[in-house]
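# Descriptive structure summary
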Amino acid sequence: MTTHKGACFCGIVQIQVVGKPEAMGYCHCASCRSWSAGPVNAFSLWKPDAVRVVSGAENIATFRKTDKSERQYCSKCGGHLMTNHPPFGLIDVYAATIPTLKFTPGVHVNYAETVLPMRDGLPKLKDFPAELGGSGEQMRE
Ligand SMILES: [Zn+2]
Ligand SMILES: [Zn+2]
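Presented here is an overview of the structure given in this document. Since we're looking at a predicted model, the values are computed, not measured.

### Brief notes about the side chain of Ser69
Within the secondary structure, Ser69 is located in strand β7 (residues 69-74). By relative accessible area, Ser69 is classed as buried at 11%. Sequence-distant contacts of Ser69, that is, excluding residues within four places in its chain, are made with Phe63, Arg64, Thr83, Asn84 and His85.

Structure representation (structure tokens):
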């Protein structure tokens, strides 16, 4: 199985993902913007058993603004690693954290909140897919 390695900004926390992500895409929500300090979050979603912390686990800090998202980052450098989404049973390992993963986005979520419209022909969901408790409603580009 394919393995991709990732690390925080300083490198003390090393992670690995194994196999293929369940989904990839862009999230345009205000929370992702505020947390990432970027206009969109490029996500890759993994089953928890596909994600391993190889070293530096004691440096991982977690911030929970809501019980939907446990945002994990390095307490030494502040570099972001991943967000665990317990209600979905999925972990978002930010695409930027695992550079060897070929990022092939399939969907945009929370597009109603976008500040960076992207005309790439991919589906634009107003919020989340229906399977994940959203409306599943699509928007125009
Ligand atoms: Zn670090
Ligand atoms: Zn988001």
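### So, the pattern of salt bridges
Summed over the entire model, instances satisfying the criterion amount to four salt bridges. The partner of Lys124 in a salt bridge is Asp120, and the shortest N-O contact between them spans 2.9 Å. Asp120 gets classed as partly exposed once you look at its relative accessible area, which sits at 34%. Here the residues in one salt-bridge network are Asp120, Lys124 and Glu141, joined through shared partners.

Scoring rules and cut-offs
- Along every chain, residues carry numbers that run from 1 in the direction the sequence is written.
- Here the convention is simple: chains get letters from A, ligands get numbers from 1, in the order in which they are written.
- Local features in a predicted model are, by the rule used here, given only for residues with pLDDT of at least 70; side-chain atom pairs are given and counted only at 80 or more, and totals for whole chains, interfaces and linings are based on all residues.
- Side-chain measures here rest on the full set of heavy atoms in the structure, leaving out hydrogens and waters.
- Note on conventions: DSSP H or I runs of at least 4 residues are helices, E runs of at least 2 residues are strands, and numbering of each starts at the N terminus.
- Per-residue accessibility, obtained with a 1.4 Å probe over protein chains only, is compared with the maximum for each type, and a residue is labelled buried under 20%, exposed over 50%, and partly exposed between these values.
- Note on contacts: a residue pair is in contact if any heavy atoms of the two residues lie within 4.5 Å.
- When a carboxyl oxygen of Asp or Glu is within 4 Å of a side-chain nitrogen of Lys or Arg, the pair counts as a salt bridge.

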